[in-house]
Amino acid sequence: MAAADADIYTSEEQRTLTLGGHVGFDSLPDQLVSKSVSQGFSFNVLCVGETGIGKSTLMNTLFSTTFEKEEASHYQNVVHLRSRAYDLRESNVALRLTIVDTVGFGDQVNKEESYKPIEDYIDNQFENFLQEELKIKRSLHDYSDTRIHVCLFFITPTGHSLKSLDLLTMKKLDTKVNIIPIIAKADTISRCDLHKFKTKIMSELVNNGIQIYQFPTDDEAVTEINSSMNAHLPFAVVGSSEEVKIENKLVRARQYPWGTVHVENESHCDFVKLREMLVRVNMEDLREQTHTRHYELYRRCRLETLGFRDTGPDGQTFSLQDTYMTKRRELLSELQHREEAMRQTFVSRVKDTEAELKERERELHERFELLKRRHQDEKRSLEERCQELEEEMISFSARKATAGTLQFHTLQSSLTLPVKKDKDKKNFFTLPSECSLTAGRSLN
């Protein structure tokens, strides 16, 4: 009943009045244009494609300048994204252009996770913008917006079908960024094969449920041109930084032995169509789609993950403060449970370690006692051996002394016997003395 009364009140308040004179609020569009021009614009382009397919050359051709170029090798272990920002000015309009290149995309043997760094990069830019929005003191007017506005997906001109890596990558990115498929180096494929290749690509995209960016047709000013350009997707383009003089006029072209390909000739390639749709007609729509569609989807999912809801279980709205406090209590409770689980785990590990150390201490003590007993046994054995050796030395010394005594007596008796028999001979008196002296020396 209250809702019905509110609707009646609202309908009664909304009345259309006729002005009696010029007020001046019809200048609001001019005010917006003036303010936007003074602030400048930002446009961020993501170029996805294999190394050497012509991403840098096409960007140079699109913006009629020469950006910094760093040659990338085909030997990258992983895919990484290289971002570079440039300040451009045309007439009185300033544009901050950011070009993000996928270095090493498709160069690995295992290409299963090649899309992951690209997906993470896009999400990180959304997350940075969301964090800036959630600040108490925001500064979005001078915030450097790095969200990707368009993804130029470069397709190798094989003439057959899309690669599995291309299909998987576009499937992962179609809800995060505006994808515009591009057939690179279109001058390497014949006109007939190119038409079949375009049809094949669009058929595979539809069959795999991949949503690419469709140029808007709701604005009457661009309905006709955007409708016709949607039929030309994917664009077959040729890029060139080389200017060739043809009929006294410098044009961007690629020269071959068989002829010259004019980049800006619509009968040669779709480069003019791409530039018209990307830069001159739909750049603001790409920026708007990024904010209202892709970023809003990320923001909604992110806030729902954090526990925020617009309505409660009963369908009634509730305040952000209540949601915050509820989520805070849940997080605190979860942290307490985790802390208790970590404490229990720590105590359990300490007990296990203590028991293990005690077991090792017991083993070491038993080993020490065993070594100690072995040492005592060896010491006792050595002492007994030393005692036996001493007894043998004493016994040997006694036998040696006995043998010396017997030898002395034997020698003495053998020397005194001739003296008794030959007392009359003079020679024998001196001989025994010399012999006895000699025997004494030997004994000594």
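If you're wondering where the values come from, they're calculated on a predicted model, not measured in any experiment. (Residues numbered from 1 in each chain as written. Predicted model: local features only at pLDDT ≥ 70, side-chain atom pairs only at ≥ 80, totals over all residues. Heavy atoms only, no water.)

## With respect to the sheet that holds strand β8 (residues 249–256)
Strand pairs in the sheet, formed through backbone hydrogen bonds, run parallel or antiparallel to each other. An order of β7-β8-β9 is seen for the 3 strands of this open sheet, with the pairing classed as antiparallel. Each of the sheet's edge strands pairs with one partner strand only, and the pair in question is β7 (243–246) and β9 (259–262). In this sheet, adjacent strand axes meet at a mean angle of 65° when their direction is disregarded. Pairing of β7 with β8, which is carried by 4 bridges, proceeds in the antiparallel orientation. Each residue of the ladder has a partner; that of Val244, found in β8, is Val251. (Pairing = 2+ DSSP bridges. Helix = DSSP H or I, 4+ residues; strand = E, 2+ residues; numbered from the N terminus. Axes fitted to C-alpha atoms, helices over the stretch in contact; angles between N-to-C directions.)

## Observations concerning the sheet that holds strand β2 (residues 80–90)
Spatial strand order, β2-β3-β1-β4-β5-β6: 6 strands in an open sheet with mixed pairing. Because the sheet does not close on itself, it has two edges, and the strands there are β2 and β6 (235–236). As paired elements, strand β4 (residues 150–155) and strand β5 (residues 179–183) share 5 bridges and run parallel to each other. For Ile155, the partnering residue across the bridge sits in β5 and is Ile183.

## Describing the packing of helix α4 (residues 116–133) against helix α5 (residues 164–173)
The contact between α4 and α5 brings their axes to 10 Å, and the two run at 15°. As far as their axial angle goes, α5 and α4 are roughly parallel. Note that α4 runs across α5; the crossing there is right-handed. Of the residues in α5, those touching α4 at Ile118, Glu119 and Ile122 are Thr169, Lys172 and Leu173. Considering only residue class, the contact of α4 with α5 consists of 3 nonpolar, 1 polar and 2 charged. (Parallel < 35°, antiparallel > 145°, perpendicular 65-115°, else oblique. Left-handed = near helix turned anticlockwise from the far one by under 90°. Contact = heavy atoms within 4.5 Å. Nonpolar A, V, L, I, M, F, W, Y, C, P; charged D, E, K, R; others polar.)

## Description of the pattern of salt bridges
According to the stated counting rule, one finds 26 salt bridges in the structure shown. For Arg299, the salt bridge is made with Glu133, and the minimal N-O distance between the two is 3.9 Å. With Arg299 in helix α9 (residues 283–305) and Glu133 in helix α4, the pair connects residues that are 166 residues apart, well separated along the chain. Among the salt bridges present, the one from Arg254 reaches Asp187, with a minimum N-O distance of 4.0 Å. One end of the pair, Arg254, is in strand β8; the other, Asp187, is in the loop between β5 and α6 (191–207), and 67 residues separate them in sequence. (Salt bridge = Lys/Arg side-chain N within 4 Å of Asp/Glu carboxyl O.)

## Some points on the environment of Val261
Relative to the assigned elements, Val261 resides in strand β9. Taking the C-alpha atoms as reference, Val261 lies 8.3 Å from Val238; in sequence the two are 23 residues apart. Excluding its chain neighbours within four sequence positions, the residues that come into contact with Val261 are Asp187, Val238, Arg252, Ala253, Arg254, Tyr256 and His268.

## Thoughts on the pairing of β8
Adjacent in sequence and paired antiparallel, β7 and β8 are bridged by 2 residues, among which Glu247 carries a positive phi angle near 55°. Two strands pair when backbone bridges link them, and β8 and β9 are joined in this way by 4 bridges, in the antiparallel orientation. The residue of β9 that forms the bridge with Ala253 is His262. Here β8 hands over to β9 after 2 residues, the two strands then running antiparallel side by side.

## Considerations on a nonpolar patch on the surface
The grouping of Leu19, Val23, Phe25 and Leu28 at the surface amounts to a nonpolar patch, some 430 Å² of accessible area in total. Tracing the backbone through its elements, the reader meets Leu28 in helix α2 (residues 28–39). Leu28 gets classed as partly exposed once you look at its relative accessible area, which sits at 45%. (Patch = residues over 30% accessible without salt bridge, like charges linked within 9 Å, V, L, I, M, F, W, Y side chains within 5 Å. Areas by Shrake-Rupley, 256 points an atom, 1.4 Å probe, with all protein chains shown as cover. Buried < 20%, exposed > 50% of the residue type's maximum accessible area, 1.4 Å probe, protein only.)

## Regarding the nonpolar core
Across soluble globular proteins, nonpolar side chains show a tendency to be buried alongside one another. Within the largest apolar cluster, 70 residues are counted, with the highest numbers of intra-cluster contacts made by Leu152 and Ile180. Excluding anything up to four places from it in sequence, Ile180 contacts Val150, Cys151, Leu152, Phe153, Tyr213, Phe215, Leu233, Phe235, Leu274 and Leu278. (Core = buried A, V, L, I, M, F, W, Y, C linked by side-chain atoms within 4.5 Å.)

## Focus on the packing of helix α3 (residues 55–62) against helix α8 (residues 271–281)
α8 packs onto α3 with a crossing angle of 65° between their chain directions and a minimal axis gap of 11 Å. What the angle tells us is that α3 and α8 run roughly perpendicular. Judged by the twist between their axes, the crossing of α3 over α8 is right-handed. Taken together, the residues of α8 that come into contact with α3 (itself represented by Leu58, Thr61 and Leu62) are Phe271, Leu274, Arg275 and Leu278. The residue makeup of the contact of α3 with α8, split by class, is 5 nonpolar, 1 polar and 1 charged.

## Details of the side chain of Arg252
With respect to the secondary-structure elements, Arg252 resides in strand β8. The side chain of Arg252 is buried and forms no salt bridge, while Glu243, the nearest opposite charge, is found at 4.5 Å. At 3.2 Å, the side chain of Arg252 forms a polar contact with the backbone oxygen of Ser240. (Lys, Arg positive; Asp, Glu negative; His and termini not counted. Polar contact = N/O pair within 3.5 Å; in protein donor to acceptor, adjacent residues only side chain to side chain.)

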